[in-house]
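Residue-level listing of the chains:
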Amino acid sequence: MAILVTGGAGYIGSHTVAELAAHGEDVVVVDNLSTGHRQAVQGIPLYEIDIRETAAVVDVCRRHEVDTVVHFAADSLVGESVHNPLKYYENNVAATGKLLEAMLEAGVRRMVFSSTAAVYGEPEQVPIVESARKVPTSPYGDTKLTIERMLDWCHQAYGLCSVRLRYFNAAGAHPELPIGEDHRPETHLIPIVLQVARGQRDTVSIFGSDYPTRDGTCVRDYIHVMDLASAHRLAVRRLRTERGGAESFNLGNGKGFTVQEVVEAARQVTGQPIPVTMAPRRTGDPAALVASSDCAREVLGWEPTYTDLSAIISSAWNWHRTHPNGFDI
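Student: Explain the sheet that holds strand β9 (residues 219-220) to me, please; I cannot follow it from the model alone.
Tutor: Within a beta sheet, neighbouring strands are joined by backbone hydrogen bonds and run either parallel or antiparallel to one another. Pairing in this open sheet of 3 strands is mixed, and the strands run β12-β9-β14 from one edge to the other. Here the strands that pair on one side only, and so sit at the sheet edges, are β12 (257-258) and β14 (288-289). Here 2 bridges tie β9 to β14, and the two strands are oriented parallel to one another. Residue pairing for β14: V219 is matched across the bridge by A288.

Structure representation (structure tokens):
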């Protein structure tokens, strides 16, 4: 039986594809390549189709005898979602609905869903547990929460089982394969910082210096992309062996670092000065997001291996030094 990975040519998707393949899984990728990169998928069948193309998705599922879907395909820019919410409800919620229709038609009733810490919004308590109040502060977060609720109802109506992985700030790159983070435009902090270190940008903009944190800048929990990939593999195993219902797990290191601390760690790793520019807060940015991943550890048997911020940044730095233009080399 095969695993279908939607959005498998994207950043986290491609690392998960590599992780699944390395553990002997039969993997197939569906990606419309709107933001993904064909070069990120090595030696794996890749179908350049949109998940809204129901007949095409059904054909892929049947042809490869798919029994589980790992679903990454989505738009994921918080700021863009605030300014263009309808795009996010169409490309995330409506598109996932069409994917679920295709899965049901093909007889596939297992999904690992790529969710996000953004479902929580501004947390009442840190670290955040899965039962915490969910009041998203952006359309992006709301679309992910809406899909989680959709999966709840699909379990009740159709017996479709799901594991929803709510992860925090993904970072780093594969330690062996030539894949890493290449977003266009780039909006994630660590690759932006490293672009400054390489001279590809003049400065790092820090959005907000008056948050109620230890240095006034936002606190985030950074999790290595390979640790996320291993969690998706373990979630597939749980669905296949336990079946379950509709479960959600946080994924993070449980450690929070401010933006200023990330910049300073990158200075130490790269040996570059990395100048910063202060800017106003961005709409939809909570002050602090730090995960409690106790449930993932206890239920999935998951344990992050990259727990040091400098190690995560070093991993990303290795990728960016050897791929200064991302996959266009």
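Student: What exactly am I supposed to notice about the state of the cysteines here?
Tutor: Here is the idea: a disulfide is a covalent bond, and it sits between the sulfur atoms of two cysteines. Counting across every chain of the model gives 0 disulfides. Here C154 is not cross-linked by a disulfide; its sulfur's nearest cysteine counterpart is in C161, at 11 Å.

Student: Help me understand the packing of helix α8 (residues 259-270) against helix α10 (residues 309-322) in this model?
Tutor: Pairs of packed helices are described in terms of their axes, by the angle between the two and the distance that separates them. Look at α8 against α10: their axes get within 9 Å of each other, and the N-to-C directions meet at 60°. Considered as vectors, α8 and α10 are oriented oblique to each other. In the crossing of α8 with α10, the sense of the turn from one axis to the other is right-handed. In this structure, α8 contributes E261, V262, A265, A266, V269 and T270 to the contact, and α10 contributes L309, S310, I313, S314 and W317.

Student: Help me understand the pairing of strand β1 (residues 2-6), please; the structure alone is not making it clear to me.
Tutor: One face of the sheet, then the other: side chains in a regular strand alternate in exactly this way. With 5 of its 5 residues buried, β1 lies for the most part within the structure. Of the two faces of β1, the one lined by A2, L4 and T6 and the one lined by I3 and V5 are each fully buried. Chirality of the crossover, the property in question, places the unit of β1, helix α1 (residues 11-22) and strand β2 (residues 26-30) among those that are right-handed. Bridge count between β1 and strand β4 (residues 66-71): 5 bridges; the pairing is parallel. Across the sheet, V5 pairs through a bridge with V70, a residue of β4.

Student: Can you help me understand the packing of helix α4 (residues 85-106) against helix α5 (residues 139-158) in this one?
Tutor: Two elements in contact, α4 and α5, have axes separated by 9 Å at closest approach and are oriented at 20°. Regarding the angle of α4 to α5, the classification is roughly parallel. The crossing of α4 and α5 is right-handed. Of α5, the residues touching α4 (which contributes P85, Y88, Y89, N92, V93, T96, G97, L100 and L104) are P139, Y140, D142, T143, T146, I147, M150, L151, C154 and Y158.

Analysis parameters
- Residues numbered from 1 in each chain as written.
- Predicted model: local features only at pLDDT ≥ 70, side-chain atom pairs only at ≥ 80, totals over all residues.
- Heavy atoms only, no water.
- Pairing = 2+ DSSP bridges.
- Helix = DSSP H or I, 4+ residues; strand = E, 2+ residues; numbered from the N terminus.
- Disulfide = S-S within 2.5 Å.
- Axes fitted to C-alpha atoms, helices over the stretch in contact; angles between N-to-C directions.
- Parallel < 35°, antiparallel > 145°, perpendicular 65-115°, else oblique.
- Left-handed = near helix turned anticlockwise from the far one by under 90°.
- Contact = heavy atoms within 4.5 Å.
- Buried < 20%, exposed > 50% of the residue type's maximum accessible area, 1.4 Å probe, protein only.
- Right-handed = clockwise from strand over helix to strand, strands pointing away.

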